[in-house]
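# Breakdown of the fold
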Amino acid sequence: MDELLQALVQGFFVGSAYGLLALGMGLVYGVSGIVNFAHGDFVSLGMYLCFAFFTAFALDPYVSVVFTVPIMIALGALVYRFLIKPIAGRQLLMVIQLTLGVALLIQNGLMMVFGGQPTRAPSMIESKLFLVGDVVIRGAHLVACVVSFALAILLYVMLQSTDTGRAIRAVQQEPRAAALMGVDVGRVQVMTFAIGVGVLAIAAALLLPGLPIQPTQGLRFTVITLLVFVLGGMTNFVAIMLGGIVIGVAEAIGTIYMTHTLGQLLPYLIFVAIMLFRPQGLVWRS
Amino acid sequence: MLEMQGVTAGYDGVPVLRDVSVNVARGELVGLLGANNAGKSTLINVVSGTVPIMSGRLMFEGEDISKTSAQDRVELGLVQVPEGRLVFPQMSVRENLLLGGYNRKARPARAGNMDHVISLFPRLGERLGQLAGTLSGGEQQMVAIGRGMMAGARVLMLDEPSLGLSPLFVQFIFEIIDKLHAEGMTILLVEQNLSLTVRHADRCYVLERGVVAVEGASAAVAEDPRTRAAYLGM
Ligand SMILES: Nc1ncnc2c1ncn2[C@@H]1O[C@H](COP(=O)(O)OP(=O)(O)OP(=O)(O)O)[C@@H](O)[C@H]1O
Ligand SMILES: [Mg+2]
């Protein structure tokens, strides 16, 4: 029972960060119709940037986000402007291939700069634990959860009630009319992609404490993000956060209760089961 | 106020409009008529800047705006209410209107423009919170026109606003157009409905396969046998 509670709590906390990963993907998909298969590798890159700031200046990942976020935003803008935009709107397969290419580029770049050995970027709160009843809560997980929800709410409010947010939604819903109302559709697309990647820099720092990193890990994050993204019905904010929690909990339960390999499969099994019965995702309307 | 001078324009290097000259004076209501595929929508998209000009010039208040970006033209007050309305379906009526006032020039005037729109369309005032996608076609047309007014239109270009509406709504939309005209708004009205348009417009142009076939005062255009020919595609 305690173990179950432990798994639920941990899954909830980590899952909220997965939700954040998928929000970034949902934002970009909604505006540009692009599913970015380099998503997880941007997370990876964000982690290695934290690692670089740690080795160079002994900065804690929670501190170095101040630098990694703008770096990743700029990088996202450049990647969209010069790689994705020229072929956006062409065949879906081409765009997928391109983002896969970006993924490989990041992986190999990381390999060249940092080598293939797993490393870690330690954080000050990594070893902080709290005991609530019999449940152990890791400080880093608590931070991840609080920041993820705060960011999700911030993004939501931005989308709902600012001019920029309305412009983003207008481009999602009716790009031609948005352009006729003076919205620079191209700029909105670059901006949302950049924001999406910038969010990943934060998610990277949140997931980093205690996690060994290696250059090829990106795919794992991409796959988790895709699961959550599809589970959440692709553009619905609330459902995406919910999807993150479902996958996070499934992962935690799998790790605690099952043998290693089977446990790692559990999120996918649950995903398949949910998609069989609710192909439209967790919430009715998106 | 708005002057299209010998414009040739089209898609992917293939001209749709050939050597078209159209002008609209301040405060005028000008009708742009023609059969399906005549190039009416293409013409106002050229004015909006979403279809590029191959040759010729587009002048607005004495300035050549042929190279001005689509966004900047909206700021100048050249605003299109597109064919098929194209409201933002998952946004409320209010948000649709607010987005109409997105451009930098229109933002400060939003509150006043919103009051004006609601005074013209009280029905929208009652439905500000409703998602635009759930409105009837006629109500969506009101949203589309209101959205264009919110953008601070100085020339309002309406692309077939009566398309697919019931006769009662068509009547209502034309009353609104008259009202805006009476308030001094400059209007370029694209229509297929000949008899209704000539009754409301000051002057009309008839497009036939990308060229201006007839132009002049509405009554004269209505009488002109070439108008009928253009419609029948003879
Ligand atoms: N985006 C586009 N790409 C290529 N060709 C186009 C495009 N839009 C219109 N055309 C072509 O340009 C010609 C004129 O079309 P346009 O839409 O301007 O006609 P219209 O007079 O508005 O017709 P309707 O009354 O049916 O709206 C047509 O032959 C059409 O096929
Ligand atoms: Mg048309």
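Nothing here was measured: the structure is a model prediction, and the numbers come from that model.

Reading the values: the criteria
- Residues numbered from 1 in each chain as written.
- Chains lettered and ligands numbered in written order.
- Predicted model: local features only at pLDDT ≥ 70, side-chain atom pairs only at ≥ 80, totals over all residues.
- Heavy atoms only, no water.
- Helix = DSSP H or I, 4+ residues; strand = E, 2+ residues; numbered from the N terminus.
- Rg over C-alpha atoms; globule rule 2.2 N^0.38 Å.
- Buried < 20%, exposed > 50% of the residue type's maximum accessible area, 1.4 Å probe, protein only.
- Contact = heavy atoms within 4.5 Å.
- Areas by Shrake-Rupley, 256 points an atom, 1.4 Å probe, with all protein chains shown as cover.
- Lys, Arg positive; Asp, Glu negative; His and termini not counted.
- Charge placed at Lys NZ, Arg CZ, Asp CG, Glu CD.
- Pairing = 2+ DSSP bridges.
- Axes fitted to C-alpha atoms, helices over the stretch in contact; angles between N-to-C directions.
- Donors = N, O, S within 2.8 Å, 3.2 Å for Na, K, Ca; no water.
- 1 Å grid on protein atoms, 1.4 Å probe; cavity = no way out; pocket = protein on both sides within 12 Å on 5 of 7 lines; lining within 4 Å.
- Points joined across faces, edges and corners; volume = space filled by probe spheres on them.
- Nonpolar A, V, L, I, M, F, W, Y, C, P; charged D, E, K, R; others polar.
- Near = heavy atom within 4 Å.
- Polar contact = N/O pair within 3.5 Å; in protein donor to acceptor, adjacent residues only side chain to side chain.
- Buried area = accessible area lost by both parts, 1.4 Å probe.
- Salt bridge = Lys/Arg side-chain N within 4 Å of Asp/Glu carboxyl O.
- Phe/Tyr/Trp six-rings, centres within 6.5 Å; stacked < 30°, edge-to-face > 60°.

Per the secondary structure count, chain A includes eleven helices and two strands. Secondary structure of chain A in N-to-C order comes out as α-α-α-α-β-β-α-α-α-α-α-α-α. Whereas a compact globule of 286 residues would reach a radius of gyration of roughly 19 Å, chain A reaches 19 Å, a difference of no more than 12%. Projected onto its principal axes, the C-alpha coordinates of chain A cover approximately 60 × 50 × 35 Å. By the burial criterion, 53% of the 286 residues in chain A qualify as buried. Looking at chain A alone, contacts between residues at least 24 apart form 76% of all its contacts between residues at least 6 apart. Surface exposure of chain A reaches about 12,600 Å², of which carbon and sulfur atoms provide 72%. The centroid of the 13 positive side-chain charges in chain A is displaced by 13 Å from the centroid of its 10 negative side-chain charges.

With that settled, consider the overall build of chain B. Along its length, chain B carries ten helices and ten strands. Taking 2.2 N^0.38 as the reference for a compact globule, 234 residues should give roughly 17 Å; the C-alpha atoms of chain B span a radius of gyration of 17 Å, in line with that estimate. Each principal axis of the C-alpha distribution contributes one length, and for chain B these read about 50 × 40 × 30 Å. The buried share of chain B, taken over its 234 residues, is 54%. Intrachain contacts of chain B at a sequence separation of at least 6 include 70% that bridge at least 24 residues. Carbon together with sulfur atoms contributes 51% to the accessible area of chain B, which is approximately 9,600 Å² in total. Mean positive and mean negative side-chain charge positions of chain B (22 and 25 charges, respectively) differ by 3 Å.

Attention now moves to the sheet that holds strand 7 (residues 155-159) of chain B. Note on sheets: strands pair through backbone hydrogen bonds, and any given pair is parallel or antiparallel. All names here are of chain B. Taken in spatial order, the six strands line up as 6-7-8-3-9-10 in an open sheet, and their pairing is mixed. Each of the sheet's edge strands pairs with one partner strand only, and the pair in question is strand 6 (78-81) and strand 10 (211-217). Across the sheet, the mean angle separating the axes of adjacent strands is 15° when strand polarity is ignored. Here strand 7 runs beside strand 8 (residues 186-191); their pairing, made up of five bridges, is parallel. For leucine 156, the partnering residue across the bridge sits in strand 8 and is isoleucine 187. Contacts between helix 6 (residues 137-150) and the sheet are confined to strand 6 and strand 7, with strand 6 contributing the most and set at about 175° to the helix.

Right, let's talk about the coordination of the magnesium ion (ligand 2) for a bit. Residues and elements named next belong to chain B. Looking at the magnesium ion (ligand 2), the protein donor atoms are Ser41 (OG) and Glu83 (OE), and they sit 1.9 to 2.1 Å from it. With a gap of 42 residues between them, serine 41 in helix 1 (residues 40-48) and glutamate 83 in the loop between strand 6 and helix 3 (93-100) connect regions that are remote in the sequence. Exposure remark for glutamate 83: the relative accessible area of 32% places this residue in the partly exposed category.

This part covers the layout of surface pockets. Residues and elements named next belong to chain A. Reported here for the largest pocket is a volume of approximately 720 Å³. Lining the largest pocket are 31 residues, with Val14, Tyr18, Leu211, Arg220 and Glu251 positioned closest to its centre. Only helix 1 (2-32), helix 5 (139-161), helix 8 (185-207), helix 9 (218-231), helix 10 (237-257) and helix 11 (260-277) provide two or more residues apiece to the lining of the largest pocket. When residues in the lining of the largest pocket are grouped by element, the largest group, seven residues, is from helix 10. Looking at the lining of the largest pocket residue by residue, the classes come out as 17 nonpolar, eleven polar and three charged.

With that out of the way, let us pick up the site of ligand 1. All names here are of chain B. Near ligand 1 there are 13 residues, and of these Asn36, Lys40, Ser41, Thr42 and Glu160 occur at the shortest range. Contact between ligand 1 and asparagine 37: an oxygen atom at 2.9 Å from a main-chain N or O atom of the residue. In this structure, an oxygen atom belonging to ligand 1 sits 3.2 Å away from a main-chain N or O atom of alanine 38. In isolation ligand 1 offers 630 Å² of accessible surface; the protein chains occlude 61% of this area. Looking at the shell around ligand 1 residue by residue, the class counts come to four nonpolar, six polar and three charged.

Turning our eyes to something else, we now look at the interface of chain B and chain A. How big an interface is tends to be reported as the loss of accessible area on association of its parts. Listed per partner, the contact involves 26 residues of chain B and 19 residues of chain A. For the pair chain B and chain A, the summed buried surface comes to about 2,000 Å²; carbon and sulfur atoms form 60% of the total. Area buried by chain B at its contact with chain A is led by Gln71, Leu86 and Tyr102 of chain B, which between them contribute 27% of it. Viewed at the interface, chain A and chain B are joined by three salt bridges. Where aspartate 163 of chain A meets arginine 107 of chain B, a salt bridge forms, and the shortest distance between an N and an O atom there is 3.6 Å. The interface formed by chain B and chain A contains four residue pairs in polar contact (both at pLDDT 80 or more). Mapped onto the side of chain B that touches chain A, the elements with two or more residues apiece are helix 1, helix 2 (70-76), strand 6, helix 3 and helix 6 of chain B. Here the element with the most residues in the side of chain B that touches chain A is helix 3 of chain B; it accounts for four residues. Among the residues making up the side of chain B that touches chain A, the classes are represented as 13 nonpolar, nine polar and four charged.

All names here are of chain A. What the rule picks out here adds up to eleven aromatic pairs over all chains. Measuring from ring centre to ring centre gives 6.2 Å for tyrosine 48 and phenylalanine 51, while their planes differ by 80°; the resulting arrangement is edge-to-face. Placement of the pair is tyrosine 48 and phenylalanine 51 together in helix 2 (residues 39-57), with a separation of three residues, close to one helical turn. Tyrosine 48 gets classed as buried once you look at its relative accessible area, which sits at 1%.

Treat this as a map of the structure, not an account of what it does.
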